[in-house]
Amino acid sequence: MVDSSLYAAFLVAALLLCVSPGPDMMFLVAMGGRGGPRTGLLAALGVGCGALVHVFAAMLGLSALFLALPTLYYALRWIGAVYLLYLAVKAFRDRSPIGADEGEAGCGGGPSRWRAFGQGALTNLLNPKVILFNVAFLPQFVRPALGHVPLQFLILGLTLVLIGLAVDMTVGLLSGRLAAVLRRSNRVARGLNIFSGSVFTGLAVRLVTAPK
């Protein structure tokens, strides 16, 4: 269904893209820092599910709407920025006590496990650059002459999601474990929340100011 040589090149390109620091990776570092390892893992799963939706949208041609309707693109961009700022405010206001990691996050200020999953999915879904990336990147490795173009899109997209998920889960887990140790100090815990809020704010600014 796919060209083997192109697929090999795609694997290399996808791995390099996934390990390169970007908005999703910074988001996961912030989430793991606030909630601990499990929160980081579930946030990574949420990001992966959001990426999967983007893959199906690209396969069905829905993402092409954002190329034809610039207003829709910019509207989604601003919605995503507002949501990230909402997460930033929550992080800045977090006053969780010592030990309020992922085991107690539902009672403290940090994100609960499944809330972290939803936040990861929404953050990815509301990033129109991910949509345009799939439209621009995946077709480069599709061979129409082989037929089954939608299936080729699906295979490539699922491969990208799985590679990204492996990298993101590693990042979420490691950042969460480090934060769980550092949170034994109230001062450090507060610093982690400020760091997380700063990351969310920076991602929001980047989303609305970066060129299309």
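Everything numeric here is computed off the predicted structure, so don't read it as measured data.

Draft legend 1. Representation of the overall build of the protein. Along the backbone of the protein there are nine helices and zero strands. In sequence order, the secondary structure elements of the protein are arranged as α-α-α-α-α-α-α-α-α. Within the protein, the fraction of its 212 residues that count as buried is 46%. Contacts spanning at least 24 positions in sequence make up 82% of the contacts within the protein whose residues lie at least 6 apart. Summing over all exposed atoms, the protein offers an accessible surface of approximately 10,300 Å²; the carbon and sulfur share of this is 72%.

Draft legend 2. Empty space enclosed by the protein, seen in detail. Tallying each qualifying case throughout the model produces one cavity of 30 Å³ or more. Lining the largest cavity are 13 residues, and of these P23, L84, T123, N127 and L207 lie nearest its centre. Among the elements of the structure, α2 (23-35), α5 (70-93), α6 (113-125) and α9 (186-209) are those that each provide at least two residues to the lining of the largest cavity. A breakdown of the residues in the lining of the largest cavity according to their chemical character gives eight nonpolar, three polar and two charged.

Draft legend 3. Broad picture of the nonpolar core. Core analysis: the largest hydrophobic core is formed by 38 residues, its most contacted members being F10, F27, L28, L138 and F200. Of all the secondary-structure elements, those providing two or more residues to this core are α1 (4-19), α2, α3 (37-60), α5, α7 (128-137), α8 (149-182) and α9. The contacts of F10, once residues within four sequence positions are left out, are F137, L138, F141, L156, T159 and L160.

Draft legend 4. A look at the environment of V135. With respect to the helices and strands, the residue V135 is situated in helix α7. Along the sequence, V135 and F153 sit 18 residues apart, while their C-alpha atoms lie 10.0 Å from each other.

Draft legend 5. Expanded view of the packing of aromatic side chains. Applying the stated criterion across every chain, the model contains seven aromatic pairs. Between F10 and F141, the ring centres sit 5.2 Å apart and the planes meet at 70°, which makes this aromatic pair edge-to-face. With F10 in helix α1 and F141 in the loop between α7 and α8, this pair connects stretches of sequence that are 131 residues apart. Overall, F10 belongs to the buried group, its relative accessible area being 0%. Seen from their ring centres, W114 and F117 are 6.0 Å apart, and the 70° between their planes marks the pair as edge-to-face. Of the two residues, W114 and F117 both sit in helix α6, three residues apart, roughly one turn of that helix. Grouping aromatic residues by their ring pairs yields a cluster made of Y7, F10, F137 and F141.

Draft legend 6. Up close: the packing of α5 against α7. One way to put it is that α5 packs onto α7 with a least axis distance of 9 Å and a crossing angle of 135°. By the angle between their directions, the pair α5 and α7 is classed as oblique. Contacts between α5 and α7 involve Y73, L76 and R77 from the first element and P128, K129, I131 and L132 from the second. Residues that form the contact of α5 with α7 fall into these classes: five nonpolar, no polar and two charged.

Draft legend 7. Structural context of the packing of α2 against α3. Close contact between α2 and α3 brings their axes to 7 Å; oriented N to C, the two are set at 150°. Regarding the angle of α2 to α3, the classification is roughly antiparallel. In terms of crossing hand, the pair formed by α2 and α3 is right-handed. Between α2 and α3, the contacting residues are D24, F27, L28, M31, G32 and G35 on the first element and P37, T39, G40, A43, A44 and V47 on the second.

What counts as what
- Residues numbered from 1 in each chain as written.
- Predicted model: local features only at pLDDT ≥ 70, side-chain atom pairs only at ≥ 80, totals over all residues.
- Heavy atoms only, no water.
- Helix = DSSP H or I, 4+ residues; strand = E, 2+ residues; numbered from the N terminus.
- Buried < 20%, exposed > 50% of the residue type's maximum accessible area, 1.4 Å probe, protein only.
- Contact = heavy atoms within 4.5 Å.
- Areas by Shrake-Rupley, 256 points an atom, 1.4 Å probe, with all protein chains shown as cover.
- 1 Å grid on protein atoms, 1.4 Å probe; cavity = no way out; pocket = protein on both sides within 12 Å on 5 of 7 lines; lining within 4 Å.
- Points joined across faces, edges and corners; volume = space filled by probe spheres on them.
- Nonpolar A, V, L, I, M, F, W, Y, C, P; charged D, E, K, R; others polar.
- Core = buried A, V, L, I, M, F, W, Y, C linked by side-chain atoms within 4.5 Å.
- Phe/Tyr/Trp six-rings, centres within 6.5 Å; stacked < 30°, edge-to-face > 60°.
- Axes fitted to C-alpha atoms, helices over the stretch in contact; angles between N-to-C directions.
- Parallel < 35°, antiparallel > 145°, perpendicular 65-115°, else oblique.
- Left-handed = near helix turned anticlockwise from the far one by under 90°.

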